Amino acid sequence: MRHLYIIYMLLSAAAFSVSAQTTVRTLQWEGTTRSYRLHLPPDYSSSTALPLIINMHGLGSNAWQQEAYSGMNNIADTAAFVVAYPDGLQDAASQTTYWNCGFMSPYHSGSDDVGFIQAMMDSISAQYNIDQDRIYACGMSMGGFMSYRLACELEERIAAIASVTGVAVDSVFHYCQNTRPVPLLHIHGTADSTVPYEGGAGLGGTIMMPVQEAVNFWVARNQCPELPPQITDLADSNTADGCTATHTVYTSCEKGSRVELYRINGGAHTWPGAPISIGVTNQDFNASETIWLFFKDYRRSQFAPDTATALAAVNPLLYNIAPNPFEENLSIQTEEAATVMITDMNGKLLLQQHFAAAAKETIATQHWNSGLYAVCIIPDKKGQASVHKKIIKP
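### Quick look at the pairing of strand 15 (residues 319-322)
Moving on, step 1. Inspection of the sheet shows strand 15 paired to strand 16 (residues 329-334) by four bridges, in the antiparallel sense. Residue pairing across strands places Tyr319 opposite Thr334, the latter belonging to strand 16.
Moving on, step 2. What sits between the antiparallel neighbours strand 15 and strand 16 is a turn of six residues.

See below:
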């Protein structure tokens, strides 16, 4: 797949113009500077809470390429949602960017990309008015794999997911929390040689799960009834693209969730509707638009589980930040173990520190400029809601 991205990397930037409304942001995670691109719709106003879509690139690609290739900014500008395009880490030996989507063994080894995505969500939420009920994840190839992992490990934050040309690793399903339904949209070509539709050896000889097996797992996970799915052949509106599309919908799942599959008959390892062909690319529908139309129907709260995990999420984290306004010192205390992040309004990280339970510390702030600051407290406890607070230095 890497060579496919090199093709369009060599093209001029004019062929893939990205909006000036996209900015590059960074944050510190696990001692490493991580980056992401953030796109705001043109009429963004802090008075309105907007949905957030996390759109992740594939193996060997990057945030800029995924932004350009998926064309999701055009949809965001019209529908009024925010898009974050995070960058994966680069492998030192191969110089290839990747996501820790579950291939590593043991499962919880390697980079904590789930934690990074959560920290990115918290950082964006601290600076912009994000509707916490409407945060979604999607991705291309390995980014699609990562979407599955986020649905399993951040289901208390992610309302729904979509995967384009990426399935999941068996171990991801093994560790899936599975305490509430997570709507799934999967798009995949039957002629995909990188992540084969029927499973088996894919990129680098890695054994991939068949697409239908991943879909079947999610149908069971979302407790969809044992009824025949609705199957529709999309109109072949573009006969020159060399492929067609079949849409399968599993309905009446738990709490109104759905599982949908777009099978691209003869399609390659590509994003339907993309502005350039890096293989057989379906043009009968636009994947980015379809993903948004799928996401917009769902709110995380409508799938809230009736479990202890849900109860933990509604129990507020006990903390104290004083004084506010502050001047030379800031006292921070949390009753439960948590990570505290403080950024200025430009997104610059000033503090990231882990606090043990009932820990209290005084932070020297005399060198901070006057202005407004965003505090984000991320509890260690699974299901516990993060805290977002604004503080000010006169």
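### Some thoughts on the confidence of the model for the chain
Moving on, step 1. In this model, the chain carries a mean pLDDT of 87, and residues with pLDDT of at least 70 account for 88%.
Moving on, step 2. When the criterion is pLDDT under 50, residues 1-17 qualifies, and its contacts beyond four places in sequence or with other chains add up to 31 contacts.
Moving on, step 3. Taken together, the stretch residues 307-314 has pLDDT below 50 and engages in 11 contacts with residues farther than four places along the chain or on a different chain.

### Some points on the state of the cysteines
Moving on, step 1. Applying the stated criterion across every chain yields a total of two disulfides.
Moving on, step 2. Cys152 shares a disulfide with Cys176; S-S distance 2.0 Å. Here the disulfide of Cys152 and Cys176 is left-handed, its torsion about the S-S bond being about -85°. Here Cys176 lies in the loop between helix 6 (170-174) and strand 9 (184-189) and Cys152 lies in helix 5 (residues 142-153), a separation of 24 residues in the sequence. Here Cys152 and Cys176 have matching classes, each one buried.
Moving on, step 3. There is a disulfide in this structure between Cys224 and Cys253, and the S-S distance comes to 2.0 Å. Measuring the twist about the S-S bond at about 100°, one finds the Cys224-Cys253 disulfide to be right-handed.

### As for helix 2 (residues 63-70)
Moving on, step 1. For helix 2, a buried count of seven out of eight residues is recorded, marking the element as mostly surrounded by other parts of the structure.
Moving on, step 2. For helix 2, every residue scored as buried is listed here: Ala63, Gln65, Gln66, Glu67, Ala68, Tyr69 and Ser70.
Moving on, step 3. Among the residues of helix 2, the N-terminal cap falls to Asn62, whose side-chain oxygen and the backbone nitrogen of Trp64 are separated by 3.1 Å.
Moving on, step 4. Among the residues trailing helix 2, Gly71 stands out with phi positive, at a value near 65°.

### With respect to the sheet that holds strand 19 (residues 359-364)
Moving on, step 1. What the three strands build is an open sheet, ordered 15-16-19; its pairing is antiparallel. Pairing within the sheet leaves two strands with one partner each, and these edge strands are strand 15 and strand 19. For this sheet, the mean angle separating the axes of adjacent strands, direction not counted, is 10°.

### Some details on the sheet that holds strand 1 (residues 22-29)
Moving on, step 1. What the 10 strands build is an open sheet, ordered 1-2-4-3-7-8-9-14-13-12; its pairing is mixed. Strands at the two margins of the open sheet, each flanked by one partner only, are strand 1 and strand 12 (230-233). Direction aside, neighbouring strands of the sheet carry axes that sit 20° apart on average.
Moving on, step 2. Across six bridges, strand 3 (residues 50-56) lies against strand 7 (residues 130-140) in parallel orientation. Among the inter-strand pairings, Ile53 is bridged to a residue of strand 7, identified as Tyr136.
Moving on, step 3. The strands that helix 3 (residues 72-79) touches are strand 1, strand 2 (32-39), strand 3, strand 4 (82-86) and strand 7; relative to strand 4, the one it contacts most, it runs at about 155°.

### Details of the environment of Ala214
Moving on, step 1. Inspection of the secondary structure assignment puts Ala214 in helix 7 (residues 211-221).
Moving on, step 2. Among the residues examined, Ala214 registers a relative accessible area of 0% and is labelled buried.
Moving on, step 3. Once the C-alpha coordinates of Ala214 and Asp170 are considered, the two residues, 44 residues apart in sequence, prove to be 9.0 Å apart.

### Considering the environment of Asp344
Moving on, step 1. Following the sequence through the fold, Asp344 ends up in strand 17 (residues 338-344).
Moving on, step 2. Measuring from C-alpha to C-alpha, the distance between Asp344 and Ile392 comes to 9.9 Å, with 48 residues separating the pair along the chain.
Moving on, step 3. The residues contacting Asp344, other than those within four sequence positions of it, are Leu350, Leu372 and Tyr373.

### What about the pattern of salt bridges?
Moving on, step 1. Under the definition given, this model contains eight salt bridges.
Moving on, step 2. Ionic pairing is found between Arg37 and Glu67, a salt bridge with its closest N-O pair at 2.5 Å. Residue Arg37 is located in strand 2, and its partner Glu67 is located in helix 2; the two are separated by 30 residues in the primary sequence. The same class applies to Arg37 as to Glu67, namely buried.
Moving on, step 3. Across the pair Arg258 and Asp297 runs a salt bridge, and its minimum N-O distance is 4.0 Å.

### Structural notes on the packing of helix 4 (residues 113-127) against helix 5
Moving on, step 1. Axis separation between helix 4 and helix 5 bottoms out at 10 Å; the angle between their running directions is 75°. In terms of their interaxial angle, helix 4 and helix 5 are classed as roughly perpendicular. Here Asp113, Val114 and Ile117 of helix 4 lie close against helix 5, whose contacting residues are Met146, Arg149, Leu150 and Glu153.
Moving on, step 2. Split into classes, the residues belonging to the contact of helix 4 with helix 5 amount to four nonpolar, no polar and three charged.

### Details of the nonpolar core
Moving on, step 1. Counting 61 residues, the largest nonpolar core has Ile117, Ile124, Leu150, Ile158, Ile161 and Trp218 as its most contacted members.
Moving on, step 2. The contact partners of Ile158, leaving out residues within four places of it in the chain, are Ile54, Met121, Ile135, Tyr136, Ala137, Leu150, Arg180 and Arg300.
Moving on, step 3. One finds Ala162, Tyr262, Ile264 and Trp271 within the second-largest nonpolar core, a separate group that totals 34 residues.

What counts, and at which threshold
- Residues numbered from 1 in each chain as written.
- Predicted model: local features only at pLDDT ≥ 70, side-chain atom pairs only at ≥ 80, totals over all residues.
- Heavy atoms only, no water.
- Pairing = 2+ DSSP bridges.
- Helix = DSSP H or I, 4+ residues; strand = E, 2+ residues; numbered from the N terminus.
- pLDDT = per-residue confidence, 0-100.
- Contact = heavy atoms within 4.5 Å.
- Disulfide = S-S within 2.5 Å.
- Buried < 20%, exposed > 50% of the residue type's maximum accessible area, 1.4 Å probe, protein only.
- Polar contact = N/O pair within 3.5 Å; in protein donor to acceptor, adjacent residues only side chain to side chain.
- Axes fitted to C-alpha atoms, helices over the stretch in contact; angles between N-to-C directions.
- Salt bridge = Lys/Arg side-chain N within 4 Å of Asp/Glu carboxyl O.
- Parallel < 35°, antiparallel > 145°, perpendicular 65-115°, else oblique.
- Nonpolar A, V, L, I, M, F, W, Y, C, P; charged D, E, K, R; others polar.
- Core = buried A, V, L, I, M, F, W, Y, C linked by side-chain atoms within 4.5 Å.

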